[in-house]
Amino acid sequence: MAKLLPGLLLSNFSKLSLNSLQNAPKFTACANSILSRAEKYSTQHTPYEIVNDDQDYGLPNDTIEKVNHQIAEKQQGRLFAVVQVCGKQHKITQRDVLIVEGYWPPECGEKILLNKVLVLGAAEFSLIGRPLVQQGLVNVEATVIEKTLSHTKTHFRKKRRKQYMRTKFFKIPQTFLRINSIKVSPDVNNPPEVQGLDNVIF
Amino acid sequence: MSNSHLFLKPAFITTPGQNGVGRYVCQLQRVVLKFCMSHGSSRGVREFIETRLLEFVKESPEVAVYLKPRRHKSPIIKAEYLNGETQWVNARQFTDDEVLKWLNLLKSQSSNRSGVRLRKLMHTDFPSIQGPWTPYLFRDPQLNLARFPSEELSRPLHGTKTATQQLFEIFEKQKAAQNANSS
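Bear in mind that the values here come from a model prediction, so they are computed numbers and not experimental data.

Caption draft 1: Local environment of a nonpolar patch on the surface. Residues and elements named next belong to chain A. On the surface, a nonpolar cluster with roughly 450 Å² of combined accessible area is contributed by V194, L197, V200 and F202. On the secondary structure map, V194 appears in the segment after β11 (173–184). The class of V194 is exposed, set by a relative accessible area of 56%.

Put into structure tokens, the structure is as follows:
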């Protein structure tokens, strides 16, 4: 693995943004315009950028230190996360209940770890994965509390003037998940040397 | 398109007693298998009782299973939940596999979920942590002081540059280059 600058490491694994109003970085490039912020957050595509390896693109280290300090001192408050379960993304926080639709093997009472975390957020900071937040940094635990079937859904097809009419009824299996805890370790922007081998069996 | 589901009772997710916050509690209290000893429609239920019932009971010690033979009636499975609700399933002509499947479904449910349409597939007590979005989010507070009509705020947000503007820019660049060369 090539040696990377700390700023580049950050951009490779997770992007960090401070979004409390006091700590928000100022964009001095176009500060003289009233529309600067609107332009900054517009939906227009990002222009191509030539990345200079020598330049440090990351946030100042004290920002990361502040976040790590907040997590270590447990001052971050309630956390939320965006996780992907069975192909769908859910925004969750502790004690939420969410329903996973379709056939899904986990049984009632089983505790599972949701480890596809796309975003982790607190009141004052967000960790944004690209696409996933570093494995092992965030720990989302959930319990399966119920497995039922949905209400009867009707599938009705008809072709006019063709004597064709089909009605089908079906129910979808549903799994209720209770989110037990969302935990972060105060180790932001410190990825291990080798990644992606957690689930690999040699 | 059929709209029959619109007449179902709409509801949000309910979970009994914060189930799963501490530990998980099975919500099925007891199950009564009612069947006939002689009729053909109860054959699957009888087979289930003979071969698989003990296994099911061992797997689920929190559920009380009762057997109630009765003459010349179709078999049913009656379930009673911890919240007092009852639900019954007509088990006529079921095979033993089907009986086991329905029993497992009743065991994993917390109440009778049929006849209710869920309006949302999630429930949260904390809808927003970083604050809800408002139109003023990430906007410059200077906007509050803007005087209208304002030329800057009236122009399109992401308009392309006009030919005149482009010419002006080229002219400015050339001027800058000349200045740099001369100095």
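Still more to cover.
Caption draft 2: Layout of the sheet that holds strand β3 (residues 64–69) of chain B. Residue and element names in this part refer to chain B. Strand order in the open sheet formed by 4 strands is β3-β2-β4-β5, and the pairing between neighbours is mixed. In this open sheet, the two edge strands, each paired with only one partner strand, are β3 and β5 (86–90). The sheet shows a mean angle of 15° between the axes of neighbouring strands, taken without regard to direction. Sheet topology note: the strand β2 (residues 28–35)/β3 ladder contains 6 bridges and is parallel. In the sheet register, V31 faces β3, and the bridge partner there is V65. Sheet contacts for helix α1 (residues 43–51): β2 and β3; angle to β2, the most-contacted strand, approximately 125°. Sheet contacts for helix α3 (residues 96–108): β2, β4 (76–81) and β5; angle to β4, the most-contacted strand, approximately 15°.

Here is what the cut-offs are and how they apply
Residues numbered from 1 in each chain as written. Chains lettered and ligands numbered in written order. Predicted model: local features only at pLDDT ≥ 70, side-chain atom pairs only at ≥ 80, totals over all residues. Heavy atoms only, no water. Patch = residues over 30% accessible without salt bridge, like charges linked within 9 Å, V, L, I, M, F, W, Y side chains within 5 Å. Areas by Shrake-Rupley, 256 points an atom, 1.4 Å probe, with all protein chains shown as cover. Salt bridge = Lys/Arg side-chain N within 4 Å of Asp/Glu carboxyl O. Helix = DSSP H or I, 4+ residues; strand = E, 2+ residues; numbered from the N terminus. Buried < 20%, exposed > 50% of the residue type's maximum accessible area, 1.4 Å probe, protein only. Pairing = 2+ DSSP bridges. Axes fitted to C-alpha atoms, helices over the stretch in contact; angles between N-to-C directions. Contact = heavy atoms within 4.5 Å.

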